[in-house]
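Structural overview for review
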Amino acid sequence: MPAAFESRFDIDYDGELPENVDEAALKRMETVAYILDESVRIPGIGFRIGIDPVLGALPIAGDLVSAAFSLYIVAESAYLGVSFTTLVEMLANITIDVAGGSIPYIGTVVDALWKANKRNVALALEDLAEAVETDGTDGGVDVPVEPDD
């Protein structure tokens, strides 16, 4: 039976996750993404930010520390079997986050809005679900072939 993983981010992914997916790894990835991107609700407007914009307030070092935590999600995704193409897309999200976050004054806003880690968890879930859909076990009809005598 395929895994029934419910994302804390209400990520809507098509298909089902493989039955052997490590749900503990998915929960760890979501925890890191939540801490970095959405752990604090701004009163009055309800918008959520994480520690990523706070770390970004430290010039250069803060963005590098944030990127190191973000790379954990990519590494865990690779462990789960996410495709190379998706891993590259995840790295691009982190690059945009770090580059945008490095811009003086504007960087904190970029960090608060881009939410690369939440995006990367969504990409990982979508990729893993697609792997189940396209693995050839989609309920197709098997045609028996008799060997030639």
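Here, every reference points to the structure presented above.
These figures come from a predicted structure and were not determined experimentally.

So, about the nonpolar core. Residues Leu-17, Leu-26, Met-29, Leu-80, Met-90, Val-121 and Leu-128 are the most contacted members of the largest nonpolar core, which totals 22 residues. Looking at this core, the elements with two or more residues in it are α1 (23-37), α3 (61-80), α4 (84-101) and α6 (116-133). Of the residues forming this core, the biggest block, seven residues, is contributed by α6. The residues touching Leu-80, leaving out its near neighbours within four places in the chain, are Val-21, Asp-22, Ala-25, Leu-26, Met-29 and Leu-128.

For the rest of this paragraph, the subject is the layout of surface pockets. Taken as a whole, the largest pocket encloses approximately 170 Å³ of empty space. Lining the largest pocket we find 13 residues, and of these Gly-56, Pro-59, Gly-101, Ile-103 and Pro-104 sit closest to its centre. Here the residues of the lining of the largest pocket are counted per class, giving seven nonpolar, five polar and one charged.

A separate point is unusual backbone geometry. A positive phi angle, near 70 degrees, is found at Tyr-105, a position not held by glycine. When you line up the elements, Tyr-105 lands in the loop between α4 and α5 (107-114). For Tyr-105, a relative accessible area of 82% puts it in the exposed group. We note that Lys-115 has phi near 50 degrees; this positive angle belongs to a residue other than glycine. Within the element layout of this structure, Lys-115 appears in the loop between α5 and α6.

Relative to the helices and strands, Ser-66 is located in helix α3. A residue is classified by how much of its surface remains accessible, and Ser-66, at 1% relative accessible area, is buried. Aside from chain neighbours lying at most four places away, what touches Ser-66 is Leu-36, Asp-52, Leu-55 and Asp-97.

In this section: the pattern of salt bridges. Per the counting criterion, the structure on display carries two salt bridges. Between Glu-76 and Arg-28 there is a salt bridge, and its shortest N-O distance comes to 3.3 Å. With Glu-76 in helix α3 and Arg-28 in helix α1, this residue pair connects regions lying 48 residues apart in the sequence. Owing to a relative accessible area of 9%, Glu-76 belongs among the buried residues under this scheme. Overall, the relative accessible area of 37% leaves Arg-28 in the partly exposed class. For the salt bridge of Glu-38 with Lys-118, the shortest nitrogen-to-oxygen distance reads 3.0 Å. Placement of the pair is Glu-38 in the loop between α1 and β1 (40-41) and Lys-118 in helix α6, with a sequence separation of 80 residues.

Moving on to the side chain of Asp-63. Locating Asp-63 in the fold gives a position in helix α3. One polar contact links Asp-63 to Ser-102, side chain to side chain, over a distance of 3.5 Å. Ignoring any residue separated from it by four or fewer positions in sequence, one finds Asp-63 in contact with Leu-55, Gly-56, Leu-58, Val-98, Gly-101, Ser-102 and Asp-111.

In this description, an aromatic ring pair is defined by two values, namely the gap between the centres and the angle between the planes. Inspection of the entire model under this criterion finds zero aromatic pairs. Above the plane of the ring of Trp-114 lies Arg-119, whose end atom (NZ or CZ) is 3.6 Å from the centre.

Turning our attention to the environment of Asp-97. For Asp-97, the position within the fold is in helix α4. Counting along the chain gives 45 residues from Asp-97 to Asp-52, while the straight-line C-alpha distance between them is 9.4 Å. Setting aside residues up to four positions removed in sequence, Asp-97 forms contacts with Asp-52, Ser-66, Asp-111, Trp-114 and Ala-116.

What counts as what
Residues numbered from 1 in each chain as written. Predicted model: local features only at pLDDT ≥ 70, side-chain atom pairs only at ≥ 80, totals over all residues. Heavy atoms only, no water. Core = buried A, V, L, I, M, F, W, Y, C linked by side-chain atoms within 4.5 Å. Buried < 20%, exposed > 50% of the residue type's maximum accessible area, 1.4 Å probe, protein only. Helix = DSSP H or I, 4+ residues; strand = E, 2+ residues; numbered from the N terminus. Contact = heavy atoms within 4.5 Å. 1 Å grid on protein atoms, 1.4 Å probe; cavity = no way out; pocket = protein on both sides within 12 Å on 5 of 7 lines; lining within 4 Å. Points joined across faces, edges and corners; volume = space filled by probe spheres on them. Nonpolar A, V, L, I, M, F, W, Y, C, P; charged D, E, K, R; others polar. Salt bridge = Lys/Arg side-chain N within 4 Å of Asp/Glu carboxyl O. Polar contact = N/O pair within 3.5 Å; in protein donor to acceptor, adjacent residues only side chain to side chain. Phe/Tyr/Trp six-rings, centres within 6.5 Å; stacked < 30°, edge-to-face > 60°. Lys NZ or Arg CZ within 6 Å of the ring centre and 35° of its normal.

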